[in-house]
Amino acid sequence: MIKARIAGTGSYVPEKVVTNFDLEKFLDTSDEWIVSRTGIHQRHVAAADENASDLATQASRKALEMAGVAPEELDLIVVGTVTGEFTFPSSGCMIQKKLGARKAFAFDVSAACSGFIFALSNAVNYHRLGGVKRSLVIGSEVMTRTVDWKDRNTCVLFGDGAGAVVLVSEEGERGILSTHLHSDGNFSELLYQPGLGASPTEPPQDHFVKMQGNEVFKVAVKALSDVALEALEANGLRKEDLKMIFPHQANKRILDAIGKRLDLGPEKVFSNVDQVANTSAASIPIALDHAHRGGKIQPGDLILLNAFGGGLTWGAALVRW
Ligand code: COA
C-alpha cells in the first residue's frame, strides 16, 4: 500500500531568547516557579518583522533540502497555525509564494496546539488517494503575540517557532502507519482566544488567550495517553515496540505524567520544552527535527506523535521512521 514517508525535517526558532529571569523583571513570577510548574527555562520570540509564514519558510527550506525535494516539485502545502498574519490569504498561500512552490495547492488547518497532527493527517490522506506525491506539512506559530504579557497564568508558557516535514509517497514498510483525530467542543471554554468574528461591529477588545490551566492539565494527560494507546492498538502494536514518543511540548509535568501512564522511561519521551516552551502547532515538528538531527531516531524505528490543544482537539500519528 502507498504510504506517506517523512523524507525531511526542518525547524526554525527566532533569534531572540527571553528567559524566565527576563520575565521576573516585569512580572510577578520567578524562575523557580516557572521551572518547577512547567519545566520551561526560556522561549524564543519573533522579531517585529517576522510572521508565522516567515518562520515556516525558514523551517521548510531546511526540510526540503534534507528531503532533496525542490519547492516546484511540491503538490501540496498544509499548515497547522492559529497565528497567521492574515485571516486570509492563508499562511499556506504566503509560504507557497515565499518558497516558489508554484504547483502546490495550499491551505491552513485550525486545531490550535493539535494543528500539526491535523495537518499531517490531511496530507497523508491526499497521498493515499494518489493525487499528491510530495507534500510539505508545517506547524508555525507566533503565540507570544496572542498572550497578555501582564497575565502570569498564560504568558510564561508560550514561545514562537516553526517546524516542517516533507512527505513523499512510497510503497513499503516505512511511513505514517495511521493517524487518529478527536475533538470535543464541549470543553471549548477551558482554552480559547476570541477571534475577529466575536463582535459584529468592531474587533474584539480583548483578543488574548484564556485558559483554565488546572483543568487543561488533567484532560491533556488523559487524552494524550489514550490516543497513544488507540494508535498502537489500531496497528496491532505494543507500548514496548515504541522507540520514542513526541508529545505536544506544553509542560514537562504533562510529559512526565504521560510517560508514567504509558510505562515509558524518560529516555523514550522526547522533551525540549525547557528550551522552546509551548510553540502550539509548531511543537511536534520542532521536537521531531531536533531529535532527528540529533541522531535519536533511525530508519525502522517506531515513533508516535501525539498532540493536544484548544477546541478541545487531540490526535496521534504512528510512524515507522
Ligand atoms: N508565577 C508565579 N505564580 C503563578 C504564576 C506564575 N507564572 N502563574 C500562576 N501563579 C500562581 C497562581 O496565581 C496561584 O496563586 P494563588 O494560589 O495565590 O491563587 C498559584 O500560582 C497556583 O496556581 P495553579 O494554577 O494552581 O498552578 P498549577 O500548579 O496548576 O500550574 C500551570 C499552573 C498553568 C503551569 C498548569 O496548570 C499547567 O501547566 N496547565 C496546563 C496548561 C497548558 O499546557 N496549556 C496548553 C495546553 S495546549
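Scroll up for the structure.
Residues numbered from 1 in each chain as written. Predicted model: local features only at pLDDT ≥ 70, side-chain atom pairs only at ≥ 80, totals over all residues. Heavy atoms only, no water.

Q: So what about the overall build of the chain? Which residues, and what values?
A: Helix and strand counts for the chain come out as 10 helices and 13 strands. For the chain, whose C-alpha radius of gyration is 18 Å, the value lies close to the compact-globule estimate of 20 Å for 321 residues. In terms of overall dimensions, the chain has C-alpha extents of about 55 × 45 × 35 Å along its principal axes. Counting only residues that meet the buried cut, the chain has 54% of its 321 residues in that class. If you take every contact in the chain between residues at least 6 apart in sequence, the share linking residues at least 24 apart comes to 76%. (Helix = DSSP H or I, 4+ residues; strand = E, 2+ residues; numbered from the N terminus. Rg over C-alpha atoms; globule rule 2.2 N^0.38 Å. Buried < 20%, exposed > 50% of the residue type's maximum accessible area, 1.4 Å probe, protein only. Contact = heavy atoms within 4.5 Å.)

Q: Break down the environment of D75 for me, citing the residues and quoting the values.
A: Take D75: it is sitting in the loop between α3 (52–67) and β4 (76–80). Not counting residues within four places of it along the chain, the set of residues in contact with D75 comprises K103, A104, F105, V132, K133 and R134. Here K103 takes part through its side chain, which lies 3.2 Å from a polar atom of the side chain of D75. Here the side chain of D75 touches K133 through a polar contact of 2.7 Å, landing on its backbone nitrogen. (Polar contact = N/O pair within 3.5 Å; in protein donor to acceptor, adjacent residues only side chain to side chain.)

Q: So what about the side chain of T83? Which residues, and what values?
A: Mapped onto the fold, T83 is located in the loop between β4 and α4 (91–99). From its side chain, T83 meets the backbone nitrogen of V142 in a polar contact 2.9 Å long. In this structure, T83 is in contact with A52, S140, E141, V142, M143 and T146, ignoring residues within four places of it in sequence.

Q: Tell me about the packing of α3 against α4, and name the residues and values.
A: Remark: α3 packs on α4, axes separated minimally by 9 Å, with the N-to-C direction vectors making an angle of 55°. Our classification of the angle between α3 and α4 gives oblique. Between α3 and α4 lies a crossing of right-handed hand. Facing α3, whose interface residues are S53, D54, A56, T57, S60, R61 and L64, α4 presents S91, M94, I95, K98 and L99. A class-by-class count of the residues in the contact of α3 with α4 yields five nonpolar, four polar and three charged. (Axes fitted to C-alpha atoms, helices over the stretch in contact; angles between N-to-C directions. Parallel < 35°, antiparallel > 145°, perpendicular 65-115°, else oblique. Left-handed = near helix turned anticlockwise from the far one by under 90°. Nonpolar A, V, L, I, M, F, W, Y, C, P; charged D, E, K, R; others polar.)

Q: An account of the sheet that holds β4 is needed here, citing residue identities and associated values.
A: With mixed pairing, the five strands of this open sheet are ordered in space as β1-β7-β6-β4-β5. The open sheet has two free edges, formed respectively by β1 (2–12) and β5 (105–109), since each of these has just one partner strand. Each strand of the sheet is rotated relative to its neighbour by a mean of 20°, with strand direction disregarded. Two strands pair when backbone bridges link them, and β1 and strand β7 (residues 160–171) are joined in this way by 10 bridges, in the antiparallel orientation. In the sheet register, I6 faces β7, and the bridge partner there is L167. Across the sheet, α3 is in contact with β1, β6 (134–142) and β7; its angle to β1 comes to roughly 125°. Contacts between helix α10 (residues 283–293) and the sheet are confined to β1, β6 and β7, with β1 contributing the most and set at about 90° to the helix. (Pairing = 2+ DSSP bridges.)

Q: How would you sum up the packing of helix α7 (residues 213–234) against helix α8 (residues 252–261)? Please name residues and give values.
A: α8 packs onto α7 with a crossing angle of 40° between their chain directions and a minimal axis gap of 9 Å. Viewed along their axes, α7 and α8 adopt a mutual orientation that is oblique. For the element pair α7 and α8, the recorded crossing hand is right-handed. When α7 is examined against α8, the residues F217, A220, V221, K222, L224, S225 and D226 are found in contact with a partner set consisting of R253, I254, A257, I258 and R261. Residue classes in the contact of α7 with α8 are distributed as seven nonpolar, one polar and four charged.

Q: Describe the sheet that holds strand β8 (residues 175–183), and please don't skip the residues or the numbers.
A: The mixed open sheet is built from four strands, whose spatial order is β8-β13-β12-β11. Since the sheet does not close on itself, it has two edges, and those belong to β8 and β11 (244–247), each with one partner. Adjacent strand axes in the sheet meet at a mean angle of 15° when their direction is disregarded. Looking at chain direction, β8 and strand β13 (residues 313–320) are connected through eight bridges and run antiparallel. Residue S183 lies in a different strand from β13, and its bridge partner there is T313.

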